[in-house]
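Observations on the three-dimensional arrangement
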Amino acid sequence: MSHCLNGLAVATELYHNTVRRSIETLGRRFAAGIEDIGHCAALLAESAFWILLGRWFKQRVRSSAVIQEMMNIGVNAVPVLTILALANGAMMAMQGIYTLREFGGESQVISGIALSVTREFGVLIAGIVVAARSGSAIAARIGTMQMAQEIDALRVMGISPVRYLVAPILVAMLIMMPLLTVLSNTMAILGGGAFSVMELHISLGTYIERVLTVLAPSDLMQGLGKSLVFGVLIALLASSNGFSANGGAEGLGRATTRSVVLCIGAIVVADMIFTFFLVVR
Amino acid sequence: MNSPRQQAAAPVIEVENLVTCYGEQRILDDVSLTVNEGEIMVIMGGSGSGKSTLLRYLVGLHSVNQGVIRILGKDISKLRSGEWLQLRKKIGVSFQGGALFNSMNVGDNVCMPLREHTSLDERTMRIISRMKLEVVNLSGFEHLMPAQLSGGMVKRAALARAIVMDPTIVFFDEPSAGLDPVVASELDELILQIRDALNVTVVVVTHELESAFKIADRMAILDRGRVLMVGSVDEVRQSNDQRVRNLLNRKSAQEPVNADDYLRRLTGGVM
């Protein structure tokens, strides 16, 4: 009898310990999430400080580093973005024409493509391409530097790692994301145009003329405004994940994956919030 | 027995009652230490003794919460960022793995502090970097990338970068680690030469006894976060402290096992 009671007491204690540890784990993850947000905010504030006031403190953000990042983030992303945007535009035209044909309104597809691309899909494709390419590359590069003590070396030399590594990325993102968005918009509209020309038996000139008639500057500005926010989100999340990388090769892989997932997740959620306030409201 | 160099010199590093914790575990426990101008101080201890942590505090990679660290007379916990920057220009650090920037060649690595902190023209910076590479016997290798260097060359390139701003204090983290005995011995010679040629104070963190005895003016022996003793090489050799003797004789100390702790470790804290 006493053995049974002892066994029950041990089982109860084990159960309570397991519950307690689960709650602790949940709490720790929540606290880590808050810490991540704080870390990103601190990165943004420090980067802004160096970008705006670095020259005053004789520690400017180097333009050569910014140009290098612009090449990595923007110019090198042009081929893949062009293909994705063209394909996406063509797909929108296909879906639009065959869906609207049922209602006899297939000619309205041009308005649909023009508005949805400039307001939504152009910037989203650009954001996803940059998040996938640069979100991983930035996290991997900073993570490798962190593990090889290169970040420590910067700090003991009196060089702020944020000024040296993050600020150029942020400036490059702010310049390149709108440009990539313009490219993405153009290619998606052309991709849609290529299919529409064939299906609707109109000329490319007529298609472009109708696109330009439908679009207002505010539609373009909506996409361009989002692109700036997406650029900032990708720069901060990727850098933050790189700085927090630890645990060797496996840890670096984890940080890189986490960076890409968070970057894509953040831009999609941010896009939804933007759309809610800009379109629904 | 102190050498004339130490007796005449003023302290450049003063550590008073430094306590650091990781969670509830004390990593450094009431550490006090003084390093005098122009001497080579070797901080020695086994793995987990806290010597690398102490180095990270000395070079300002962690902020001091309990205790005081004064570098060149300045309490580092009270420095403003501008003052820290000025102080950092007087400090050179050579990390265990070199910490060379992998995206730059050796020449650019050595030029890096000059490029960031001075307004010298490119040609002058190149001349200075070649001079420093000459000091560490790496002249002619400035175009190589870090991945193309051997372990000893990486350490020497890191040393060239550490001294490029003509610092007052140079810190070395495990200079002999991962090197064969001949290359390690050459590096020890190099440290002695640099101290004499540049008149710098050198702080070396190592677990290599032979290297420590060869280069040290004084040694601080750390064990489980505490300073066991600070003294000259002879004083350390003649110490009767059992833990110092264990370290010198490469003998591990037998610790009594606490039954409760043992059970907790086995069950992962569930019991």
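Nothing here was measured: the structure is a model prediction, and the numbers come from that model. (Residues numbered from 1 in each chain as written. Chains lettered and ligands numbered in written order. Predicted model: local features only at pLDDT ≥ 70, side-chain atom pairs only at ≥ 80, totals over all residues.)

Looking only at helices and strands, chain A has nine helices and zero strands in total. Listing the helices and strands of chain A from first to last along the sequence gives α-α-α-α-α-α-α-α-α. On C-alpha atoms alone, chain A measures out to a radius of gyration of 25 Å, which is more than a quarter above the 19 Å that the 2.2 N^0.38 rule sets for 281 residues. Burial statistics for chain A: of 281 residues in total, 39% are counted as buried. (Helix = DSSP H or I, 4+ residues; strand = E, 2+ residues; numbered from the N terminus. Rg over C-alpha atoms; globule rule 2.2 N^0.38 Å. Buried ≥ 20, exposed ≤ 12 C-beta atoms within 10 Å, placed from the backbone.)

Another aspect to go through is the overall build of chain B. Scanning chain B from N- to C-terminus turns up 11 helices and 10 strands. The C-alpha extent of chain B, read off along each of the three principal axes, is 65 × 50 × 40 Å. By the burial criterion, 40% of the 271 residues in chain B qualify as buried. Long-range contacts, defined here as pairs at least 24 residues apart, represent 65% of the contacts in chain B between residues at least 6 apart. (Contact = placed C-beta atoms within 7 Å.)

Right, let's talk about the sheet that holds strand β7 (residues 169-173) of chain B for a bit. Residues and elements named next belong to chain B. The strand order across the open sheet formed by six strands is β6-β7-β8-β3-β9-β10, and the pairing between neighbours is mixed. Looking at strand neighbours, the two that pair on one side only are β6 (91-94) and β10 (226-232), the edges of this open sheet. The mean inter-strand angle of the sheet, taken between neighbouring strand axes irrespective of direction, is 15°. (Pairing = 2+ DSSP bridges. Axes fitted to C-alpha atoms, helices over the stretch in contact; angles between N-to-C directions.)

Let's shift gears to the interface of chain A and chain B. Tallying the contact residues gives 12 residues for chain A and 18 residues for chain B. Mapped onto the side of chain A that touches chain B, the elements with two or more residues apiece are α1 (2-53) and α5 (150-156) of chain A. The element best represented in the side of chain A that touches chain B is α5(A), accounting for five residues. Residues that form the side of chain A that touches chain B fall into these classes: six nonpolar, three polar and three charged. (Nonpolar A, V, L, I, M, F, W, Y, C, P; charged D, E, K, R; others polar.)

The biggest cluster of nonpolar side chains holds 140 residues, and the ones touching the most others in it are A:I234, A:C263, B:V42, B:F171 and B:V203. When residues of this core are assigned to their parent elements, the largest contribution, 18 residues, is made by helix α4 (residues 109-147) of chain A. If we ignore the near neighbours within four places in the chain, the residues touching A:C263 are A:A131, A:G135, A:L233, A:I234, A:L237 and A:A238. (Core = buried A, V, L, I, M, F, W, Y, C linked by C-beta atoms within 7 Å.)

Next up on the list: helix α7 (residues 181-198) of chain B. Residues and elements named next belong to chain B. Across its 18 residues, α7 extends 25 Å between first and last C-alpha, which sits within 8% of the 26 Å expected from 1.5 Å per residue. For α7, the set of buried residues is A184, L187, D188, I191 and I194. Looking straight down α7, one finds that the buried residues subtend no more than 125° of arc, so they occupy a single side. Facing away from the buried side of α7 by more than 90 degrees, the exposed set consists of V182, E189, D196 and A197. Structurally, α7 contributes buried residues whose contacts are with α5 (122-135), α6 (151-163), β7, β8 (201-206) and α8 (209-215). Positive phi appears at N199, one or two residues downstream of α7, with a value of about 55°. (Expected span 1.5 Å × (residues − 1). Arc of directions from axis to C-beta.)

Moving on, we get to the sheet that holds strand β4 (residues 66-71) of chain B. All names here are of chain B. If you trace the four strands from one edge of the open sheet to the other, you get β2-β1-β4-β5, paired in antiparallel fashion. The open sheet terminates on both sides in strands that have one partner only, identified here as β2 (25-36) and β5 (74-75). The pairing of β4 with β5 spans two bridges and is antiparallel. Bridge assignment links R70 to a residue of β5, and that residue is D75.

Turning next to the confidence of the model for chain B. Chain-level statistics for chain B give a pLDDT mean of 87 and a share of 93% at 70 or above. For this predicted complex, the interface score ipTM comes out at 0.85, alongside a pTM of 0.85. (pLDDT = per-residue confidence, 0-100.)

Further remarks concern the pairing of β6(B). Residues and elements named next belong to chain B. The alternating pattern of β6 places I91 and V93 and G92 and S94 on opposite faces, both of which are buried. In the sheet, β6 pairs with β7 via four bridges, with the strands oriented parallel. Residue pairing across strands places V93 opposite F171, the latter belonging to β7.

Looking now at the pairing of β2(B). Residue and element names in this part refer to chain B. Alignment of strand β1 (residues 11-22) against β2, held across eight bridges, turns out to be antiparallel. Residue pairing for β2: I13 is matched across the bridge by V35. Taking the residues that link successive antiparallel strands as the turn, the β1-β2 hairpin has two residues, and the phi of G23 there is positive, at about 65°.

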